[in-house]
Amino acid sequence: QVQLVESGGGLVQTGGSLRLSCLASGNIFEVNSMGWHRQAPGNQRELVADITSGGSTNYADSVKGRFTISRDNAKNTVYLQMDSLKPEDTAVYYCSAVIRSYGSIRYALTWGKGTPVTVSS
């Protein structure tokens, strides 16, 4: 009933910028925290950044100062502004959200299918 759809990935040069978006839609009663993870080939999925419903943010050390996470609660959308991109940022980026559906008393962690980001050297 609930789905997350990422957009904005692509190919960018070292030092460039990219803005990822993730829209949550479906049977949504409330969206709690939202975030971004990434997974590079051969690596485990790692947290990039997350943001609470109140706007508190958390970043991985590797992206702090370069990436900015934000959200639009009215649109059920989370963004990831990526600046000063490096080749090591190359990965598939996955959106996540903790969502409560109508008729449910529990929150569930929901994942998007991912959007690839490639940073060329």
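Fair warning: this is a prediction, and the values are worked out from it, not measured in the lab.

J.: Quick rundown of the overall build of the protein? Include the residues and the values.
T.: Scanning the protein for helices and strands turns up zero helices and eleven strands. Mapped from its N terminus to its C terminus, the protein presents α and β elements in the order β-β-β-β-β-β-β-β-β-β-β. Considering the protein as a whole, with its 121 residues, one finds that 38% of them fall into the buried category. Nonlocal contacts in the protein, meaning residues at least 24 apart in sequence, comprise 57% of its contacts between residues at least 6 apart. Carbon and sulfur atoms make up 47% of the accessible area of the protein, which amounts to about 6500 Å² in all. Looking at the protein, you have 11 positive and 9 negative side-chain charges, and the mean spots of the two groups are 5 Å apart.

J.: Account for the nonpolar core, naming residues and giving values.
T.: Counting residues in each nonpolar core, the largest one holds 29 residues, and the members touching the most others are W36, L80, M82 and Y93. For this core, the leading source of residues is strand β9 (residues 91–100), giving five residues. Those residues in contact with L80 that lie beyond four places of it in its chain are L18, R19, L20, W36, V48, A49, F67, T68, I69 and Y93.

J.: Help me get a handle on unusual backbone geometry, residues and values and all.
T.: Located in the positive-phi region is N76, a residue other than glycine, with phi close to 50°. If you trace the backbone, N76 turns up in the loop between β7 (67–72) and β8 (77–82). Even without being a glycine, S84 presents a positive backbone phi close to 50°. Its location among the elements puts S84 in the loop between β8 and β9. What makes S84 partly exposed here is its relative accessible area of 41%.

J.: Outline the pattern of salt bridges, listing residues and values.
T.: In a structure, side chains of opposite charge can pair up when their charged atoms sit close to one another. The tally for this structure, following the rule as stated, stands at three salt bridges. A salt bridge links R38 to E46; its shortest N-O distance comes to 2.9 Å. According to the relative accessible area criterion, E46 is partly exposed, its value standing at 36%. The salt bridge partner of D89 is R38, with a shortest N-O separation of 3.0 Å. You can see D89 sitting in the loop between β8 and β9 and its partner R38 sitting in strand β4 (residues 30–39), a full 51 residues away along the chain. With a relative accessible area of 6%, R38 lands in the buried category. Salt bridges linked by common partners bring R38, E46, R66 and D89 together as one network.

J.: Break down the pairing of β7 for me, with residues and values.
T.: Burial along β7 is one-sided: F67, I69 and R71 are buried, and none of T68, S70 and D72, which face the opposite way, are. Across six bridges, the pairing between β7 and β8 is antiparallel. Looking at the pairing, R71 lines up with V78 of β8. Counting the residues that bridge the hairpin from β7 to β8 gives four residues, and of these N76 lies at a positive phi of roughly 50°.

The rules we used
- Residues numbered from 1 in each chain as written.
- Predicted model: local features only at pLDDT ≥ 70, side-chain atom pairs only at ≥ 80, totals over all residues.
- Heavy atoms only, no water.
- Helix = DSSP H or I, 4+ residues; strand = E, 2+ residues; numbered from the N terminus.
- Buried < 20%, exposed > 50% of the residue type's maximum accessible area, 1.4 Å probe, protein only.
- Contact = heavy atoms within 4.5 Å.
- Areas by Shrake-Rupley, 256 points an atom, 1.4 Å probe, with all protein chains shown as cover.
- Lys, Arg positive; Asp, Glu negative; His and termini not counted.
- Charge placed at Lys NZ, Arg CZ, Asp CG, Glu CD.
- Core = buried A, V, L, I, M, F, W, Y, C linked by side-chain atoms within 4.5 Å.
- Salt bridge = Lys/Arg side-chain N within 4 Å of Asp/Glu carboxyl O.
- Pairing = 2+ DSSP bridges.

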